[in-house]
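As a plain string of letters, each chain reads:
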Amino acid sequence: MKILFYLSVCGVLTVPLVEVLGATFEDVASEAGLTHEHYPANLQGVGDIQSRMSGGAAAADYDNDGWIDLYFTRLNRPDRLYRNLGDGSFRDVTVDAFGEQHLADVCTNGCAWADIDNDGDQDLYVTSLKSHRYHLFINNGRGSFTEAAVTRGAALKGSDLHFGFSACFGDYDNDGFLDLHVNEWRTSEQNPRRDASNTRLLRNRGAAAPGHFEDVTEAAGVVMDYPSADSMAFSSRFLDLDFDGWPELLVVSDFGTSRLFWNNHDGSFTDGTREAGVGTDQYGMGNAIGDFDADGDFDWFVTSIHGSLGGDGNRLYQYDGNRRFTDVTDLRGVRIGGWGWGSTFLDYNNDRHLDLLMVNGANGFPDDTTLLWRNFGNGVLTQVNAVEGITDRKIATGTLSLDYDNDGDLDILIVNNGDKPILYRNNSSGRMGWLQVRAVGTRSNRDGVGAVVRLYVNDSDVPLLRFVDGGSNFLGQNDRRVHFGLGLATTRIDRLEVTWPSGRTQRLYDILPNQVITITEPLPRQLALTGLSMRQGRPYVTWSCQPDSSCLLEVSEDLVSWRKAAVIEARERVVSWHDWLVSRPLKRFYRAWH
């Protein structure tokens, strides 16, 4: 039970004070069976600075039984895959899934799940420190995995030492298959030959070779190399910030090198960091994206260092539209976070407002407490971690949110560097309503990553805005199911609207709360081609269609791999498109769907 007190002066509401009887969160890692250590304190051979920044985890339902499982990376010890048994506990199934001594001689670090081949199950990508390659495990659909990074073009194999951190997935070229962005933090001293950074963008070859990748970093314009030969990238995400139907790439990177790349719709990006008013973080580490102020667009939180090394703290960038952000860090009171690492937005108390969590800590510096800011509405954030039962003071790196017990409220997992993990079970009272959405793409990628979901509790409400996430919080990947808190007295949801990466919009009406629902993207109907000609030296194509309908237009060079070109709202019985993207004569095919 919670009692909330508000301090009012001269009739003006000021900062809310919170008194809690019975904390929301309780550490149940031990009883849940999560008892491994990231690495023993006396472990030899991991003395590089990156080892003190390491420790990753990722959440996904790898066996499709409806319960979220967990994967953990470790240093020179076998990684751990824990299967959720559905009774509040996990069982270590690493040997069954991967074989004996799984990656035991590798300092693994980042990990991320995704269905890279659209076959309906989760595959796993793992980065590592002081190695010459990374690993990709293909889910065989029978509870086991096969390693295939080299043959599938995802190993980034090289003679230079790699120091991999977070990896993220997203369909940046809208061809219906998930692409991969990999981050590296490496000093120039560790790169004496000045090799190119292993922060790379790997394009999924799509229908021509599902789940196989090619390096397009240079061609896409997202190189993160610097004259000093340092590599500074820690975490990244793909998300369509400006709602033009094409996901941007956001990279959080150390020493003032964070970047925002806007999608050009042609397989390339433009660095718009400075013009957007972002990238001012001194020591960018982790990141979270969410509509914390409930104004209908996505905002960006970046963790950094405060106090130590002269660090001036975190950044909270509020999106204003038109590809511009405003720094509201001090206005919202979230600058001070110690030595920050992973972070995530989550509605932990199901009151409809996105709260904010960050973890922190560093060897040789004062202990930091994990921080939780509660959102009291209108973006008012107040620190409540102590009263909510979050009291850990260890060196925490990775973090993620998940609903491991399927009770409708979000739990928190924290990875402690060189120590055991923490699983904070959410013990909320259950008075607040909720809804969770599992997205299944058909024309879009199977995981639905990048889909934007809007929920209208009532027809007149401003919608709650969420998205299907394939990104990294910094060495932590959230439960991909989209979670909505609904507040009190919600007996029915008026409307749920999903904008798929394909551009199609799907609406569901009159939904009951307090359930997990699966939404499958409708199969499209192909439109009849009515004309193809050249106008002003560019192809001009027309199709017949139903009036007042949304039409998805696609292009291909080989009739095998197709990608989204545009989404057009048809007002009459014919829809047309002028292909201005063709810059030179080439063979090009077109099709359209309704």
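Since the model is a prediction, treat every value here as computed from it, not as a measurement.

**What about the overall build of the protein chain?**
Within the protein chain one finds 5 helices and 44 strands. For 594 residues, the compact-globule estimate of 2.2 N^0.38 gives 25 Å, and the C-alpha radius of gyration of the protein chain, at 23 Å, lies within 12% of that figure. By its C-alpha atoms, the protein chain is 70 × 65 × 45 Å across when sized along the principal axes. In the protein chain, buried positions account for 62% of the 594 residues. Taking contacts inside the protein chain between residues at least 6 apart in sequence as the whole, the part at least 24 apart equals 58%. Carbon and sulfur atoms make up 50% of the accessible area of the protein chain, which amounts to about 22,100 Å² in all.

**Here we look at the sheet that holds strand β40 (residues 538–544)**
Here we have 3 strands laid out as an open sheet, ordered β39-β40-β43, and antiparallel in their pairing. The open sheet has two edge strands, β39 (529–535) and β43 (574–578), and neither has a second partner. Averaged over neighbouring strand pairs, the angle between their axes works out to 15 degrees when direction is ignored. Relative to β40, β39 runs antiparallel, the two sharing 6 bridges. Pairing of Gly531 across the sheet is with Thr542, part of β40.

**Looking at the pattern of salt bridges**
In the structure shown here, the tally under the stated rule is 35 salt bridges. As a salt-bridge pair, Glu214 and Arg203 come within 2.8 Å of each other at their nearest N and O atoms. Of this pair, Glu214 sits in strand β15 (residues 213–215) while Arg203 sits in strand β14 (residues 200–204), and the two are 11 residues apart along the sequence. Classification of Arg203 by relative accessible area gives buried; the value is 19%. Counted as one network, the salt bridges with shared partners bring together Asp173, Asp175, Arg203 and Glu214.

**With respect to the pairing of strand β21 (residues 299–302)**
Side-chain alternation along β21 places Asp299 and Phe301 on one buried face and Trp300 and Val302 on a second face that is also buried. For strand β20 (residues 287–290) and β21, the ladder comprises 4 bridges, and the chain directions are antiparallel. Bridging across to β21, Ala288 finds its partner in Phe301. Note: β21 against strand β22 (residues 315–321), 3 bridges, orientation antiparallel. Note on β22: the bridge partner recorded for Phe301 is Leu316.

**Re unusual backbone geometry**
Within the chain, Asn64 stands out as a residue other than glycine whose phi angle is a positive 55 degrees. Within the secondary structure, Asn64 sits in the loop between β4 (57–60) and β5 (69–72).

**A closer look at the side chain of Thr257**
As for its placement among the helices and strands, Thr257 is situated in the loop between β17 (248–253) and β18 (259–263). The contacts of Thr257, once residues within four sequence positions are left out, are Met224, Tyr226 and Met232.

**Structural notes on the environment of Gly245**
In this structure, Gly245 sits in the loop between β16 (231–239) and β17. Given the relative accessible area of 24%, Gly245 is considered partly exposed. The sequence separation of Gly245 and Pro501 amounts to 256 residues, and the corresponding C-alpha distance is 6.7 Å. Apart from residues lying up to four places away in sequence, Gly245 is in contact with Asn174, Asp240, Pro501 and Lys564.

**Examining the nonpolar core**
Among the nonpolar cores identified, the biggest contains 39 residues, and Tyr125, Leu435, Leu455, Phe484 and Leu496 are the most heavily contacted of them. Residue-level mapping places this core at the junction of two domains, with at least three residues from each of domain 1 (25–426) and domain 2 (433–520). If near-sequence neighbours (up to four positions away) are discounted, Leu496 is found in contact with Leu435, Val437, Val453, Arg454, Leu455, Phe484, Gln506, Arg507, Leu508, Ile511, Ile517 and Ile519. Counting residues in each nonpolar core, the second largest holds 32 residues, with Met53, Phe165, Trp185 and Phe474 among its members.

**What to know about the sheet that holds strand β6 (residues 80–84)**
Taken together, 5 strands build an open sheet; the order of strands is β7-β6-β5-β4-β34 and the sheet is mixed. Sheet topology places β7 (90–92) and β34 (476–477) at the edges, where each strand pairs with a single neighbour. In terms of strand pairing, β5 meets β6 through 3 bridges, oriented antiparallel. Bridge pairing in β6 links Phe72 to Arg80.

**With respect to the confidence of the model for the protein chain**
With 94% of its residues at a pLDDT of at least 70, the protein chain reaches an overall mean of 92. Low pLDDT, under 50, characterises residues 1–21; the stretch is placed with 32 contacts to residues that sit more than four places away or in other chains.

**Concerning the domain arrangement of the protein chain**
Taken domain by domain, the protein chain holds domain 1 (25–426), domain 2 (433–520) and domain 3 (528–593). Taken together, the 4 residues of domain 2 in the interface contact 7 residues of domain 3. Taken together, the two surfaces of domain 2 and domain 3 that pack against each other cover about 420 Å², and 40% of this comes from carbon and sulfur. Our enumeration of links across domain 2 and domain 3 arrives at 1 salt bridge. With a closest N to O distance of 2.0 Å, Glu554 and Arg443 form a salt bridge.

**Here we look at the environment of Ile517**
Among the structural elements, Ile517 can be located in strand β38 (residues 516–520). C-alpha separation for the pair Ile517 and Ala439, spaced 78 residues apart in sequence, amounts to 8.6 Å. Setting aside chain neighbours within four positions, we find Ile517 in contact with Leu435, Gln436, Val437, Arg438 and Leu496.

**Things to note about the side chain of Asp351**
Among the structural elements, Asp351 can be located in the loop between β24 (340–346) and β25 (355–360). Residue Asp351 is classed as buried on the basis of its relative accessible area, which comes to 12%. Reaching out from Asp351, the side chain makes a polar contact with the backbone nitrogen of His353 at a distance of 3.0 Å. Non-local contacts of Asp351, meaning those with residues more than four positions away in its chain, are made with Arg374, Asn375, Met432 and Gly487.

**A word on the packing of aromatic side chains**
With the rule as written, the count across this model stands at 28 aromatic pairs. The interplanar angle of 85 degrees and the centroid separation of 5.7 Å between the aromatic rings of Phe72 and Tyr82 together place this pair among those described as edge-to-face. Of this pair, Phe72 sits in strand β5 while Tyr82 sits in strand β6, and the two are 10 residues apart along the sequence. Of the two residues, Phe72 and Tyr82, both sit in the buried class. Arranged with centres 6.1 Å apart and planes meeting at 65 degrees, the rings of Trp577 and Tyr590 form a pair that is edge-to-face. Highlighted residues: Trp577 in strand β43 and Tyr590 in strand β44 (residues 589–593), separated in sequence by 13 residues. Judged on exposure class, the residue Trp577 and its partner Tyr590 are both buried.

Reading the values: the criteria
Residues numbered from 1 in each chain as written. Predicted model: local features only at pLDDT ≥ 70, side-chain atom pairs only at ≥ 80, totals over all residues. Heavy atoms only, no water. Helix = DSSP H or I, 4+ residues; strand = E, 2+ residues; numbered from the N terminus. Rg over C-alpha atoms; globule rule 2.2 N^0.38 Å. Buried < 20%, exposed > 50% of the residue type's maximum accessible area, 1.4 Å probe, protein only. Contact = heavy atoms within 4.5 Å. Areas by Shrake-Rupley, 256 points an atom, 1.4 Å probe, with all protein chains shown as cover. Pairing = 2+ DSSP bridges. Axes fitted to C-alpha atoms, helices over the stretch in contact; angles between N-to-C directions. Salt bridge = Lys/Arg side-chain N within 4 Å of Asp/Glu carboxyl O. Core = buried A, V, L, I, M, F, W, Y, C linked by side-chain atoms within 4.5 Å. Domains from an automatic or database assignment. pLDDT = per-residue confidence, 0-100. Buried area = accessible area lost by both parts, 1.4 Å probe. Polar contact = N/O pair within 3.5 Å; in protein donor to acceptor, adjacent residues only side chain to side chain. Phe/Tyr/Trp six-rings, centres within 6.5 Å; stacked < 30°, edge-to-face > 60°.

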